[in-house]
Amino acid sequence: MSGNTFGTLFRITTWGESHGYGVGVVIDGCPAGLPLDEADIQKELDRRRPGQSNITTPRKEEDKAEILSGVFSGKTTGAPISIMIKNKDVDSSKYEELQGTPRPGHADLTYEIKYGFRDFRGGGRSSARETIGRVAAGAVAKKILARFGVEVLGHVVELGGIRARPVSIEEIRENTEKNPIRCADPEAAGEMQAVVHMAKSEGDSVGGIVEILAPGVPAGVGEPVFDKLSAEFAKGLMSIGAVKGVEIGAGFRSALMRGSQMNDPITLKESTYGRKISMLTNNAGGILGGISNGEIIVCRIAVKPTPSISKEQCTVDMSNMSEKTIKIKGRHDPTIPPRIVPVAEAMVALVLVDQMMRGGFINTSILGDSYS
Ligand SMILES: Cc1cc2nc3c(=O)[nH]c(=O)nc-3n(C[C@H](O)[C@H](O)[C@H](O)COP(=O)(O)O)c2cc1C
């Protein structure tokens, strides 16, 4: 199985399966001199952790991060950083009956066809537990970005057909982590929660849309041909399970606009450093020609409803090639968008650090004040 590595200069490799010994990540290319400890990583893992509310899987995992290498005296050394998270609450019993019986909408069928043999316990490598490594590496990337004044913020903007009202960045910072939906509009969050409970009680699930914003990205980040900043975001975000679409800025709405509506007018704004070029609107989502233009980066992802549902569905028994029906047991998220927020933030942060290194915005060997 190839393709477990992401990034060019700031490169991550995730490893592990849902019901194996543990999961983790190796980060290659982190500059030396970044103060880093397990608490920095734990903070982000705690946001991703399951079992925190009744709208996530009841699997209870403490997801404790252990840094195995690459950090000495509280600072990164420039060597590979290996982070491990042991699996604790493993219950494979509900998966025995899924051996040879693919769950509709999950990766079981295609893994079975491609590899002929798979770790079916908890979805193995296709499980959302794989995303723990991404979130751990994303915590490191976010810490680097913070030094350059770049922030990455995700929030749920639509769930089960309920749309949040437009919110300011301050509201996102203030409100998102205050409700289990991770929606910055508290009123909509209440309605979304009700829709999730309704679907859950019917043995079903719902999907939604998550927006990820990155304020503070300087103009000039991104390699303009195959490795456009937008293309890297699309790849990073589409590589998360259950993500079925990515938009940058106005995204699919841009197809309906006229040029005069879509084009962001360019203007001059007074700033502490003199006159600064800026845009009056941000339909471009902060990227033109694959390069950041200094405005806020805006990405949106469409997240499908959780495939493992307890409603009766048609499938096949591959052992004797007969048709059958299944009702999936096991522990599953009735909706994925609230849990995907920290994962999507991590992917955006990883792309930004990698591209900022490639563009010379971040030194690849040492972070600025390491000798201070
Ligand atoms: C944070 C997160 C949580 C998820 N939780 C579940 C879950 O509880 N049950 C499930 O069947 N799928 C869950 N998924 C989705 C599956 O991993 C995904 O649908 C599957 O790997 C197939 O990939 P695809 O949907 O991209 O085709 C989750 C995904 C993410 C990112």
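Right above here is the structure, for reference.
What you see is a predicted model; the values in this text were computed from it and never measured.

**Q** Now, about a nonpolar patch on the surface: what can you tell me, with residues and values included?
**A** On the surface, Ile266, Leu268 and Ile277 cluster together into a nonpolar patch covering about 320 Å² of accessible area. Looking at the secondary structure, you find Ile277 in strand S13 (residues 274-279).

**Q** Now, about the sheet that holds strand S9 (residues 162-163): what can you tell me, with residues and values included?
**A** Spatial strand order, S9-S8-S10-S16-S11: five strands in an open sheet with antiparallel pairing. Since the sheet does not close on itself, it has two edges, and those belong to S9 and strand S11 (243-248), each with one partner.

**Q** So, the side chain of Gln313: which residues are in play, and what are the values?
**A** Note on placement: Gln313 falls in strand S17 (residues 313-317). Of the residues examined, Gln313 reaches a relative accessible area of 16% and is grouped as buried. Residues contacting Gln313, with those up to four places away along its chain left out, are Pro104, Pro307, Lys324, Thr325, Ile326 and Ile328.

**Q** Just give me the short version of the environment of Gln99, but keep the residues and values in it.
**A** With respect to the element layout, Gln99 can be found in the loop between strand S7 (81-86) and helix H2 (108-115). Classification of Gln99 by relative accessible area gives partly exposed; the value is 47%. Through-space distance from the C-alpha of Gln99 to that of Pro58 is 22 Å; in sequence the pair is 41 residues apart.

**Q** Lay out the pattern of salt bridges with the relevant residues and their values.
**A** Per the counting criterion, the structure on display carries 28 salt bridges. Between Arg165 and Asp185 there is a salt bridge whose closest N-O contact spans 3.9 Å. With a gap of 20 residues between them, Arg165 in the loop between S9 and helix H4 (169-175) and Asp185 in the loop between H4 and helix H5 (186-201) connect regions that are remote in the sequence. Taking the relative accessible area as the measure of exposure, Arg165 reaches 38% and is therefore partly exposed.

**Q** So what's going on with the packing of helix H1 (residues 38-48) against helix H3 (residues 131-147)? Residues and values would help.
**A** It is at 9 Å that the axes of H1 and H3 come closest, and there the two elements cross at 135°. In terms of axis orientation, H1 runs oblique to H3. The hand of the H1/H3 crossing is right-handed. The residues of H3 that touch H1, namely those facing Asp40, Ile41, Glu44, Leu45, Arg47 and Arg48, are Thr131, Ile132, Val135, Ala136, Ala139, Val140, Lys142 and Lys143.

**Q** Any details on the site of the ligand? Residues and values, ideally.
**A** Neighbouring residues of the ligand: 17 residues in total, closest Ala242, Lys304, Ser308, His332 and Asp333. At a separation of 2.9 Å, a nitrogen atom of the ligand approaches a polar side-chain atom of His332. Between the ligand and the protein, one listed contact pairs a nitrogen atom with a side-chain N or O atom of Asp333 at 2.7 Å. Residue composition of the shell around the ligand, grouped by class: seven nonpolar, six polar and four charged.

**Q** Please set out the pairing of strand S10 (residues 208-214) residue by residue, giving values where relevant.
**A** Residues in a regular strand project their side chains so that they alternate between the two faces of the sheet. Burial within S10 is extensive, with six of its seven residues counted as buried. Note that strand S8 (residues 153-159) and S10 share six bridges and pair antiparallel. Across the sheet, Val156 pairs through a bridge with Val210, a residue of S10. Two strands pair when backbone bridges link them, and S10 and strand S16 (residues 297-303) are joined in this way by seven bridges, in the antiparallel orientation. Counted as the bridge partner of Ala214 is Ile297 from S16.

**Q** Before we move on, can you summarise the environment of Leu9 with the specific residues and values?
**A** Note that Leu9 resides in the loop between strand S1 (5-6) and strand S2 (11-16). Taking C-alpha positions, Leu9 is 20 Å from Met238, a pair spaced 229 residues apart along the chain. Those residues in contact with Leu9, other than ones at most four positions away along the chain, are Asp28, Gly29, Asp354, Met357, Arg358 and Thr364.

**Q** Hey, could you go over the nonpolar core for me, with residue numbers and the actual values?
**A** If you look at the biggest cluster of nonpolar residues, it comprises 73 residues, and the most contacted ones within it are Phe10, Ile27, Ile83, Phe233, Leu237 and Leu352. The dominant element in this core, judged by the number of residues it contributes, is helix H8 (residues 337-358), at 13 residues. What Leu237 contacts, discounting residues up to four positions off in sequence, is Ile212, Val243, Val246, Cys299, Ile301, Ala344, Met347 and Val348. Grouped together as the second largest cluster of nonpolar side chains are six residues, Leu153, Ile172, Ala184 and Val298 included.

**Q** Outline the pairing of S8, supporting the account with residue identities and numerical values.
**A** Here S8 lies mainly inside the structure; seven of its seven residues are buried. Bridging between S8 and S9 involves two bridges; their strand directions are antiparallel. What sits directly across from Leu159, in S9, is Ile162. Counted along the chain from S8 to the antiparallel partner S9, the turn is two residues long, and its residue Gly160 has a positive phi close to 55°.

Conventions adopted
- Residues numbered from 1 in each chain as written.
- Predicted model: local features only at pLDDT ≥ 70, side-chain atom pairs only at ≥ 80, totals over all residues.
- Heavy atoms only, no water.
- Patch = residues over 30% accessible without salt bridge, like charges linked within 9 Å, V, L, I, M, F, W, Y side chains within 5 Å.
- Areas by Shrake-Rupley, 256 points an atom, 1.4 Å probe, with all protein chains shown as cover.
- Salt bridge = Lys/Arg side-chain N within 4 Å of Asp/Glu carboxyl O.
- Helix = DSSP H or I, 4+ residues; strand = E, 2+ residues; numbered from the N terminus.
- Pairing = 2+ DSSP bridges.
- Buried < 20%, exposed > 50% of the residue type's maximum accessible area, 1.4 Å probe, protein only.
- Contact = heavy atoms within 4.5 Å.
- Axes fitted to C-alpha atoms, helices over the stretch in contact; angles between N-to-C directions.
- Parallel < 35°, antiparallel > 145°, perpendicular 65-115°, else oblique.
- Left-handed = near helix turned anticlockwise from the far one by under 90°.
- Near = heavy atom within 4 Å.
- Polar contact = N/O pair within 3.5 Å; in protein donor to acceptor, adjacent residues only side chain to side chain.
- Nonpolar A, V, L, I, M, F, W, Y, C, P; charged D, E, K, R; others polar.
- Core = buried A, V, L, I, M, F, W, Y, C linked by side-chain atoms within 4.5 Å.

As far as function goes, none of this settles anything; it's purely spatial.
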